[in-house]
Amino acid sequence: MAPLLDTSGGEWRSAVTEMEIDGIDADEFPTWWQGRLAGADRAALLAANPEHYLADSTDDTVEIIETIGFGPLRFFLAFHDGVPIEGEGHETYPVRIGGTGRLADGTEVARVMHEFVTAGTGCVSA
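Just so you know, the residues in each chain are numbered from 1, in the order the chain's sequence is written. It should be noted that, the model being predicted, local features are given only for residues of pLDDT at least 70 and side-chain atom pairs only at 80 or more, the latter also being counted only at that level, while totals for whole chains, interfaces and linings use all residues. By convention in this description, side-chain values take in all heavy atoms of the structure and omit both hydrogens and water.

**As for the overall build of the protein**
Counted only if it meets this: Strands are runs of DSSP state E lasting at least 2 residues, helices are runs of H or I lasting at least 4, and numbering of each runs from the N terminus. Within these notes, the globule rule equals 2.2 Å times the number of residues to the 0.38 power, and the radius of gyration is based on C-alpha atoms. Note on classification: 1.4 Å probe, protein chains only; a residue is buried when its accessible area is under 20% of the maximum for its type, exposed when over 50%, partly exposed between these limits. For this analysis, residues touch if any pair of their heavy atoms sits within 4.5 Å.
For the protein, the helix and strand inventory stands at three helices and seven strands. Secondary structure elements in the protein, listed N-terminal to C-terminal, are α-β-α-α-β-β-β-β-β-β. The C-alpha atoms of the protein give 15 Å as radius of gyration, which agrees with the globular expectation for 126 residues (14 Å, within 12%). Counting only C-alpha atoms and orienting by the principal axes, one finds that the protein spans roughly 45 × 35 × 25 Å. By residue count, 37% of the 126 residues in the protein fall in the buried class. Considering only contacts in the protein between residues 6 or more positions apart, those separated by 24 or more positions represent 44%.

**As for the sheet that holds strand S2 (residues 52-58)**
Quick reminder of the rule: Strand pairing is defined by DSSP finding a minimum of two bridges between the two strands. For helices, the fitted line uses only the C-alpha atoms of the stretch in contact; every axis is such a line through C-alpha atoms, and the angle between N-to-C directions lies from 0 to 180 degrees.
Read across the open sheet, the seven strands follow the order S1-S7-S6-S5-S4-S3-S2; overall the sheet is antiparallel. Sheet topology places strand S1 (19-22) and S2 at the edges, where each strand pairs with a single neighbour. On average, each strand axis in the sheet is tilted by 30° relative to the strand beside it, whichever way the strands run. As defined by bridge partners, strand S5 (residues 95-102) adjoins strand S6 (residues 108-119) across eight bridges and the pair is classed as antiparallel.

**Describing helix H2 (residues 28-38)**
Where we set the bar: The arc in question is the one spanned by the directions pointing from the helix axis to the C-beta atoms.
Burial in H2 covers these residues: Phe-29, Pro-30, Trp-33 and Leu-37. Taken down its axis, H2 places every buried residue within 95° of arc, on the same side. Those residues of H2 that are exposed and aimed more than 90 degrees away from the buried face are Thr-31 and Ala-38. Immediately beyond the C-terminal end of H2, within one or two residues, lies Ala-40, with a positive phi of roughly 50°.

**Section: the side chain of Glu-115**
Operational definition: N or O atoms within 3.5 Å of each other form a polar contact, as long as, within protein, one can give a hydrogen and the other can take it, and as long as residues adjacent in sequence are counted only when both atoms are side-chain atoms.
For Glu-115, the location among the structural elements is in strand S6. For Glu-115, a relative accessible area of 5% translates into the label buried. For Glu-115, the side chain forms a polar contact with the side chain of His-90, separated by 2.6 Å. Excluding its chain neighbours within four sequence positions, the residues that come into contact with Glu-115 are Ile-85, His-90, Tyr-93, Val-95, Arg-96, Val-124, Ser-125 and Ala-126.

**Comments concerning the environment of Trp-32**
By the secondary structure assignment, Trp-32 is in helix H2. Distance from Trp-32 to Ser-8, taken between C-alpha atoms, is 34 Å for residues 24 residues apart in sequence. Beyond its immediate sequence surroundings of up to four residues, Trp-32 is in contact with Ile-24, Ala-44 and Ala-48.

**Re the packing of aromatic side chains**
A ring pair, where both rings are aromatic, is described by two values, the distance of the centres and the angle of the planes. What counts here: Between 30 and 60 degrees the pair is tilted, below 30 it is stacked and above 60 it is edge-to-face, where a pair is any two Phe, Tyr or Trp rings, Trp via its six-membered ring, whose centres lie within 6.5 Å.
Enumeration according to the criterion identifies three aromatic pairs in this entry. Relative to Phe-116, the ring of Phe-29 lies with its centre 5.0 Å away and its plane at 35°, an arrangement referred to as tilted. Taken together, the residues span a long stretch of sequence, with Phe-29 in helix H2 and Phe-116 in strand S6 at a distance of 87 residues. Across the pair, Phe-116 and Phe-29 agree in class, each one buried. Between Trp-33 and Phe-79 the ring centres are 5.2 Å apart and the planes differ by 85°, which places this aromatic pair in the edge-to-face class. One end of the pair, Trp-33, is in helix H2; the other, Phe-79, is in strand S4 (residues 71-79), with 46 residues separating them in the sequence. You can call Trp-33 buried: its relative accessible area is 6%.

**Some words on the confidence of the model for the protein**
The condition that has to hold: pLDDT is a per-residue confidence score from the predictor, ranging from 0 to 100.
Scored by pLDDT, the protein comes out at a mean of 85, with 97% of its residues at no less than 70. Within the protein, the lowest mean pLDDT, 70, falls on helix H1 (residues 2-8), and the highest, 92, falls on S5.

Written as structure tokens, this is what we have:
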């Protein structure tokens, strides 16, 4: 973990993954996804987040392993309001779920903003 923190220089950097999801609209997806979290449906959680190696929910957090920067990173994501959104284009994604990712020792290493807009026969997530 040290290389990621050391090379960041204390600055946050954005990473965006865009997905098209067929058969469910922007308002329906967060409810579906939160239901999978509550039910600890690992197969569905990994299908919904293909960049993850692990997504296990426990109470109010999700243990995640995904490649960030130099390699796989394990962190614990807690969803909450008030996650800052930087950059342009966010107004086109009206449905949002944000959270903060922390290492096991409590160090904040990620800020997450899942954004959705209804498009075509489903939705787009960024």
